[in-house]
Amino acid sequence: MCVVCGCSDNSPAHARHVQQAGGELGVVSVNPTHGDLHFGAGAARVSVPGMSQERAIKLEADILGANNRVAQKNRAHFESHGVTALNFVSSLGSGKTTLLCATIEALKQRQPTLHVAVIEGDQQTSFDADRIRATGAPAIQVNTGKGCHLDAPMVAEAFAHLHAHAHSHDHSPQRHSHDHAHDHGLQHHGEAHSLLFIENVGNLVCPAVWDLGEAAKVAILSVTEGEDKPLKYPDMFAASQLMILNKTDLLLHVKFDVKRCVELARRVNPTIEVIELSATTGEGMDMWLHWLDHAMGVHHHHHHESSTHQDALRARVLQLEAELLQARAALSTGATT
Amino acid sequence: MHEASLAGGVLKVLEDTARREGFVRLLELRLEVGQLAGVDIRALRFALESLALGTLLEGARVDIDHPPGQAWCMQCAQTVAIAQRGDACPACGGYQLQPTGGMELRIIDMRVSDN
């Protein structure tokens with residue numbers, strides 16, 4: 001299978017992808033015409049007889065290091081702006097955009113002052129960003145071209161655009177060329193808390209590996225998909241803090257075992273939280289909005305609504321702690337005998 | 001499918017290192033890709049090969065270490081081997097596992113030539 005797009009190895013499209021991948025990266029490769037300047041030291045030593053020109057370089061470098069450094073910068077940037085960023089991951093057609101639109105509409109009713117912005121990742125088109133903008137929320141479409149995921153630099157750039165755009169409405173445009181070289185020590189302009197939804201490319205594999213600087217990954221699984229997806233794509237569910245089971249209004253019509261799905265998700269990630277909802281009917285939206293409040297660090301006083309959920313979590317923590325104690329006890333007995 | 005981007009990341013590190021260390025040719029490259037890193041080694045090799053032409057990777061030998069997946073089993077209170085996330089503990093059959101090894105995704109070292 002082609003590693004670029006998943007097309008079959010013998011298709012004409014595949015040959016083109018290989019060529020493109022090679023050609024594109026060739027552009028940023030070391031240029032032989034400039035090589036003399038950079039690698040002069042090596043060439044000079046050629047004349048020393050009997051000396052080996054080979055040497056080893058120890059690197060121990062993280063392959064994702066460049067991305068992760070930008071992601072950390074994004075994280076600091078979001079924090080200084082009072083932004084809670086969430087990275088929405090799922091397969092194609094799970095209802096991510098519909099859920100985001102419904103969430104924005106619900107937040108407009110309940111918290112009209114809360115600022116919500118969206119970064120939309122897709123390979124092509126601005127259809128999704130257009131749908132978000134129709135709700136009145138600012139949205140930036142990021143087209144990844146042949147890429148199958150968003151990366152941290154894409155998000156950094158999109159956020160800068162969103163931010164500059166928002167400020168050009170608030171202030172005089174010339175004040176805000178906004179080069180983002182500002183100090184992050186203090187909260188920027190005393191901004192209120194806001195939400196940034198990052199809708200990743202529909203793909204349950206690749207986005208798991210790329211940190212964007214988000215506060216949490218939210219995996220969305222619709223009940224029209226298989227309940228065994230958490231096991232089939234374990235990395236994504238292991239990386240996510242919350243799993244939303246979407247389209248629960250269709251549970252009557254499809255064969256989907258919710259209990260088993262949750263059980264499988266907790267096999268790969270014992271601490272994953274689960275919310276069942278239908279973005280279409282609004283069922284379960286309260287729980288989701290509540291979760292968002294907590295993600296933003298907002299304290300409020302209707303604990304009775306979510307008490308079952310929190311009690312379940314608390315019970316789970318106690319159970320894990322008990323097991324930890326047992327494990328420690330077993331270890332220490334082993335050491336003394 | 002993200003292996004193409006990872007291969008690009010490897011090349012970027014190589015080029016940065018070439019600039020810093022001033023070597024001319026890459027002879028050997030050793031990567032470490034753990035069993036739980038979420039990376040298909042065959043696909044990564046293919047991606048590295050398809051972008052090698054005209055870059056430092058051309059003609060270089062690439063070795064990929066594949067450290068096994070390991071997890072701490074809370075029930076057994078010991079480290080056990082797992083092939084992927086979501087596997088049961090081979091000793092007790094439980095799922096209270098915390099991965100502890102096999103998540104590596106690194107460039108370990110390389111052998112280079114100055115001529």
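Scroll up a little and you will see the structure.
Chemist: Explain the overall build of chain A to me, and be specific about the residues and the numbers.
Modeler: Counting its secondary structure elements, chain A contains 11 helices and eight strands. Counting only residues that meet the buried cut, chain A has 47% of its 337 residues in that class. Summarising the internal contacts of chain A: among those between residues at least 6 apart in sequence, 69% fall at separations of at least 24. Surface accessibility of chain A: about 17,300 Å² in total, with carbon and sulfur atoms responsible for 56%.

Chemist: I'd like a description of the overall build of chain B, backed by residues and values.
Modeler: Across its full length, chain B holds two helices and six strands. Mapped from its N terminus to its C terminus, chain B presents α and β elements in the order α-β-α-β-β-β-β-β. On C-alpha atoms alone, chain B measures out to a radius of gyration of 17 Å, which is more than a quarter above the 13 Å that the 2.2 N^0.38 rule sets for 115 residues. Dimensions along the principal axes, computed over C-alpha positions, put chain B at roughly 55 × 25 × 20 Å. Here chain B holds 115 residues, and 55% of them are scored as buried. Of the contacts made within chain B by residues no fewer than 6 positions apart, 70% connect residues no fewer than 24 positions apart. For chain B, the computed accessible surface area is about 4,800 Å², with 48% contributed by carbon and sulfur atoms. Once the 11 positive and 15 negative side-chain charges of chain B are each reduced to a mean point, those two points are 2 Å apart.

Chemist: Outline the nonpolar core, listing residues and values.
Modeler: Among the nonpolar cores identified, the biggest contains 35 residues, and B:L14, B:L26, B:L29, B:L31, B:L44, B:L57 and B:M110 are the most heavily contacted of them. The biggest single contributor to this core is helix α1 (residues 3-21) of chain B, with seven residues. If sequence neighbours within four positions are ignored, B:M110 has contacts with A:R55, A:A56, A:I57, A:L59, B:L14, B:T17, B:F23, B:L26, B:E28 and B:L29. Judged by nonpolar contacts, the second largest core, of 32 residues, contains A:F88, A:L100, A:V116 and A:I244.

Chemist: Give a description of the sheet that holds strand β3 (residues 70-73) of chain B that names residues and reports values.
Modeler: In a beta sheet, neighbouring strands are held together by backbone hydrogen bonds and run either parallel or antiparallel to one another. Residues and elements named next belong to chain B. Across the sheet, three strands lie side by side as β4-β3-β5; this open sheet has antiparallel pairing. Both edges of this open sheet fall to β4 (78-81) and β5 (97-101), since each of them pairs with a single strand only. Ignoring strand direction, the axes of neighbouring strands in this sheet form an average angle of 40°. Examined bridge by bridge, β3 and β4 share four bridges and lie antiparallel to one another.

Chemist: Explain the pairing of strand β5 (residues 194-199) of chain A to me, and be specific about the residues and the numbers.
Modeler: Residue and element names in this part refer to chain A. Within β5, six of the six residues are buried, leaving the element largely enclosed by the surrounding structure. Alternating positions in β5 separate into two faces, S194, L196 and I198 on one and L195, F197 and E199 on the other, with burial throughout. Strand direction decides the pairing type here: strand β3 (residues 115-122) and β5, joined by six bridges, are parallel. In the sheet register, I119 faces β5, and the bridge partner there is I198.

Chemist: Which residues make up the environment of A:I104, and what values do they have?
Modeler: Residues and elements named next belong to chain A. Here I104 lies in helix α4 (residues 96-110). Counting along the chain gives 113 residues from I104 to K217, while the straight-line C-alpha distance between them is 18 Å. Beyond its immediate stretch of four places on either side in the chain, I104 contacts V116, V118, I132, T135, A137 and F197.

Chemist: How would you sum up α4(A)? Please name residues and give values.
Modeler: Here α4(A) is 15 residues long and its end C-alpha atoms lie 21 Å apart, about the 21 Å a rise of 1.5 Å per residue gives. For α4(A), the complete set of buried residues consists of A:K96, A:T97, A:L99, A:L100, A:C101, A:A102, A:T103, A:I104, A:A106 and A:L107.

Chemist: I'd like to hear about the packing of aromatic side chains, residue by residue, with values.
Modeler: All names here are of chain A. One pass over the full model with this rule turns up four aromatic pairs over all chains. A ring pair is formed by F78 and F159, whose centres lie 4.9 Å apart and whose planes are at 90°; its orientation type is edge-to-face. With a gap of 81 residues between them, F78 in helix α3 (residues 65-80) and F159 in helix α6 (residues 152-170) connect regions that are remote in the sequence. No difference in accessibility class separates F78 from F159, as the two residues are buried. Each ring, one from F88 and one from W288, has its centre 6.0 Å from the other, and the planes form 85°; the classification is edge-to-face. With F88 in strand β2 (residues 83-90) and W288 in helix α10 (residues 285-295), this residue pair connects regions lying 200 residues apart in the sequence. Each of the two residues, F88 as well as W288, counts as buried. Put simply, the rings of F88, F197, W288 and W291 touch in pairs and so form one group of aromatic residues.

Chemist: Account for the sheet that holds strand β6 (residues 105-113) of chain B, naming residues and giving values.
Modeler: Spatially, four strands are ordered β1(A)-β6(B)-β1(B)-β2(B) in an open sheet, and the strand pairing comes out mixed. The open sheet has two edge strands with one neighbour each: β1 (54-62) of chain A together with β2 (61-65) of chain B. Shown here is a sheet whose adjacent strand axes are inclined to one another by a mean of 15°, direction ignored. With eight bridges connecting them, strand β1 (residues 25-33) of chain B and β6(B) associate as antiparallel partners. Following the sheet pairing, B:L26 is matched in β6(B) by B:V112. Sheet contacts for helix α2 (residues 41-50) of chain B: β1 and β2 of chain B; angle to β2(B), the most-contacted strand, approximately 160°.

Chemist: Quick rundown of the pairing of strand β4 (residues 139-143) of chain A? Include the residues and the values.
Modeler: In the sheet, β3(A) pairs with β4(A) via five bridges, with the strands oriented parallel. The residue of β4(A) that forms the bridge with A:V118 is A:A139.

Chemist: Tell me about the packing of α4(A) against α10(A), and name the residues and values.
Modeler: All names here are of chain A. Running from amino to carboxyl end, α4 crosses α10 at an angle of 75°, the nearest separation of the two axes being 11 Å. Considered as vectors, α4 and α10 are oriented roughly perpendicular to each other. For the pair formed by α4 and α10, the contact residues are L99, A102, T103, A106, L107 and R110 on the first element and M285, D286, W288, L289 and L292 on the second. Tallied by class, the residues present in the contact of α4 with α10 amount to eight nonpolar, one polar and two charged.

Chemist: Residues and numbers for the side chain of A:N87, please.
Modeler: The residue A:N87 is located in strand β2 in this model. Apart from the residues lying within four places of it in its own chain, the contact partners of A:N87 are A:I198, A:N200, A:W210, A:L212, A:E214, A:A216, A:K217 and A:V218.

Parameters and conventions
- Residues numbered from 1 in each chain as written.
- Chains lettered and ligands numbered in written order.
- Predicted model: local features only at pLDDT ≥ 70, side-chain atom pairs only at ≥ 80, totals over all residues.
- Heavy atoms only, no water.
- Helix = DSSP H or I, 4+ residues; strand = E, 2+ residues; numbered from the N terminus.
- Buried < 20%, exposed > 50% of the residue type's maximum accessible area, 1.4 Å probe, protein only.
- Contact = heavy atoms within 4.5 Å.
- Areas by Shrake-Rupley, 256 points an atom, 1.4 Å probe, with all protein chains shown as cover.
- Rg over C-alpha atoms; globule rule 2.2 N^0.38 Å.
- Lys, Arg positive; Asp, Glu negative; His and termini not counted.
- Charge placed at Lys NZ, Arg CZ, Asp CG, Glu CD.
- Core = buried A, V, L, I, M, F, W, Y, C linked by side-chain atoms within 4.5 Å.
- Pairing = 2+ DSSP bridges.
- Axes fitted to C-alpha atoms, helices over the stretch in contact; angles between N-to-C directions.
- Expected span 1.5 Å × (residues − 1).
- Phe/Tyr/Trp six-rings, centres within 6.5 Å; stacked < 30°, edge-to-face > 60°.
- Parallel < 35°, antiparallel > 145°, perpendicular 65-115°, else oblique.
- Nonpolar A, V, L, I, M, F, W, Y, C, P; charged D, E, K, R; others polar.

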